[in-house]
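Descriptive structure summary
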Amino acid sequence: MNCTKAKEWLESNFTSSEMVPTDDIQRHLDGCSECSAYYSELQVLHQQLKGIEDIGLTAAEEQQLLSSSVAVAENYAPQSPTNAFDRWFKLVVRPVAAIAAVLVIALGAWQYQSRIPGLAPIIGEMESSTISSEEALQIYLNSELDDLSSMFDESSLSYLTDEIPDRQAADMLQDISEEELEWLLENMKLEI
Amino acid sequence: MIPDEKLLIERASQGDKAAFTALVRQYQNRIFAFIMRMTANRESALDLTQDTFLAAFQNLAGFRKEALFSTWLFTIAANKTRNYLRRSSREMEMPEGYDVVSHDTRPDIDFEKKQTQELLLAAVAGLPVKQRAVFNLRYFEQLKFHEIARIQGTSVSAVKTNFAEALVKLKKKLGGR
């Protein structure tokens, strides 16, 4: 028996009932001043906590609680036990219905968005899985959106420019306005 | 589980009010005492005890018969109390000298005893909520650590750690009284 085990035993057996050390524990306590002191501290705490052991309801409160519980029981019927169909309904039908609802909402939102002039071609191209980086840049440059930065963050811009050979980029950049060129030079780290 | 109790639960789940009343009578003191030591507020403890039994009655069908009915009730009571404490922003550790509002109007309890009781309740109520629940369930209700772990939805080792920490804090708070 060591101190760790002795303390563990004392803590595990510390309840509102009287704690009676086993022979092993008692032998350790007799020979260990530290654990013996710890045991004494727990006994003091045990005595103090007796003060809130007898917290309970008064007879009037008991009666009040019983009456209100009965009243409640009369107003609320207990829920019937869940049968196999209920469980199946909860586990399968509800999640499937929820997913379907989300899909319908998403589809509606997508359709609505695609009707906004200017956004439709961009969204359409962005959603294409075969789009090349050059095409993406072209769409990007041709877009009529004022705030280009709202569509792509800087990291994706860098990725696009890194992927495009300088010559091709230069060709594409011939058709753009001065404002767009300025924006690109600032945001895309292009060197022409 | 006591055979009679099993029968009472069965009958109460079928809507038998008398069976439900018998279950309330059997457990209301323990549940109230647990909540009272958690909240240190008599009025709230009474309300939460009633809420606990209402929830129990409504969900009796969901009670798994292999579990202990008392453990199930304490789980409901602990959840109700935790929500209450969260709502009333008491989850934070209460400051030293926290004033307990027990609203104890019982005439049969003398002033000195009442004062000591309030000081002790304040000390226990001053523990962080998890430690408070673990300490109350272990020390006063004498539930096993694995039962408390089930109630708290945590591991046995976490329960033991919380209990040990609660002991250290209580010894410090009550030392020299």
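In short, a report on the structure. (Residues numbered from 1 in each chain as written. Chains lettered and ligands numbered in written order. Predicted model: local features only at pLDDT ≥ 70, side-chain atom pairs only at ≥ 80, totals over all residues. Heavy atoms only, no water.)

1. Some words on the packing of aromatic side chains
Spelled out, the test is: We call Phe, Tyr and Trp rings a pair once their centres come within 6.5 Å, taking the six-membered ring for Trp, and we label the pair stacked below 30 degrees between planes, edge-to-face above 60, and tilted otherwise. Both a distance and an angle decide whether a charge sits over a ring: NZ of Lys or CZ of Arg must be within 6 Å of the ring centre and within 35 degrees of the ring normal.
The full count for this structure, using the stated rule, is 12 aromatic pairs over all chains. Linked through ring pairs, A:Phe14, B:Phe135, B:Tyr139, B:Phe140, B:Phe145 and B:Phe163 together constitute an aromatic cluster. Against the face of A:Tyr38 rests A:Lys7, its NZ or CZ located 5.3 Å from the ring centre. A cation over an aromatic ring shows up here: B:Arg37 above the ring of B:Phe140, its NZ or CZ 3.9 Å from the ring centre.

2. Points about unusual backbone geometry
Residues and elements named next belong to chain B. The condition that has to hold: For helices the rule is a DSSP run of H or I covering at least 4 residues; for strands it is a run of E covering at least 2, with both sets numbered from the N terminus onward. Here's how the labels work: a residue is buried when its accessible area is under 20% of the maximum for its type, exposed when over 50%, partly exposed in between, all with a 1.4 Å probe on protein chains only.
Even without a glycine there, the phi angle at Ala40 is positive, about 55°. With respect to the helices and strands, Ala40 occurs in the loop between helix H2 (17-39) and helix H3 (42-58). With a relative accessible area of 0%, Ala40 lands in the buried category. With a phi angle near 55°, Gln142 is a residue other than glycine that sits in the positive phi range. By secondary structure assignment, the location of Gln142 is in the loop between helix H6 (129-140) and helix H7 (145-152). Judged by relative accessible area, Gln142 falls into the partly exposed class, the value being 35%.

3. Comments concerning empty space enclosed by the protein
All names here are of chain B. Using the following cut-off: Grid points spaced at 1 Å and placed over the protein atoms alone form the basis of the search, with a cavity being a set where a 1.4 Å probe fits but cannot get out and a pocket an open set showing protein on both sides within 12 Å along at least five of seven lines. Lining residues have an atom within 4 Å of a point. Grid points are joined across faces, edges and corners, and a volume is the space filled by probe spheres set on the points.
Applying the stated criterion across every chain, the model contains two cavities of 30 Å³ or more. Quantified by volume, the second largest cavity comes out at close to 30 Å³. Lining the second largest cavity, in full, are Phe20, Leu23, Val24, Phe53, Ala56, Phe57, Leu60, Phe69 and Leu73. Secondary-structure elements contributing two or more residues to the lining of the second largest cavity are H2, H3 and helix H4 (69-87).

4. Remarks on the interface of chain B and chain A
Convention followed: Only heavy atoms matter for contacts: two residues are in contact if any of them lie within 4.5 Å across the pair. Summed over both partners, buried area is the accessible surface (1.4 Å probe) that two parts give up on being assembled. When a carboxyl oxygen of Asp or Glu is within 4 Å of a side-chain nitrogen of Lys or Arg, the pair counts as a salt bridge. Definition of a polar contact: a pair of N or O atoms within 3.5 Å, with one able to donate and the other able to accept a hydrogen when the atoms are protein atoms, and with sequence-neighbouring residues admitted only if both atoms are side-chain atoms. Each residue receives one of three labels: charged for Asp, Glu, Lys and Arg, nonpolar for Ala, Val, Leu, Ile, Met, Phe, Trp, Tyr, Cys and Pro, and polar for the others, Gly being one of them.
Contact with chain B, which involves 43 residues of that partner, is made by 38 residues of chain A. Between chain B and chain A lies a buried interface of about 3,800 Å² when both sides are counted; carbon and sulfur atoms form 63% of it. In this structure, the connection of chain B to chain A is made through two salt bridges. Of the charged contacts in the structure, one is a salt bridge between A:Glu61 and B:Arg42, with a shortest N-O distance of 2.8 Å. There are 12 residue pairs in polar contact (both at pLDDT 80 or more) connecting chain B and chain A. When residues of the side of chain B that touches chain A are traced back to their parent elements, those giving at least two are helix H1 (3-13), H2, H3, helix H5 (111-125), H6 and helix H8 (156-174) of chain B. Counting residues per element, the side of chain B that touches chain A draws most heavily on H2(B), which supplies 11 residues. Per-class residue counts for the side of chain B that touches chain A are 23 nonpolar, 11 polar and nine charged.

5. With respect to the nonpolar core
The condition is simple: Buried Ala, Val, Leu, Ile, Met, Phe, Trp, Tyr and Cys residues form a nonpolar core when they are joined through side-chain atoms within 4.5 Å.
If you look at the biggest cluster of nonpolar residues, it comprises 78 residues, and the most contacted ones within it are A:Phe14, B:Phe69 and B:Phe135. At 12 residues, H2(B) tops the list of elements feeding residues into this core.

6. Focus: the environment of B:Lys17
Within the fold, B:Lys17 resides in helix H2. B:Lys17 gets classed as partly exposed once you look at its relative accessible area, which sits at 30%. Sequence spacing of B:Lys17 and B:Phe57 is 40 residues, and the spatial spacing of their C-alpha atoms is 9.6 Å. Those residues in contact with B:Lys17 that sit more than four places away from it in its chain are A:Ala73 and A:Glu74.

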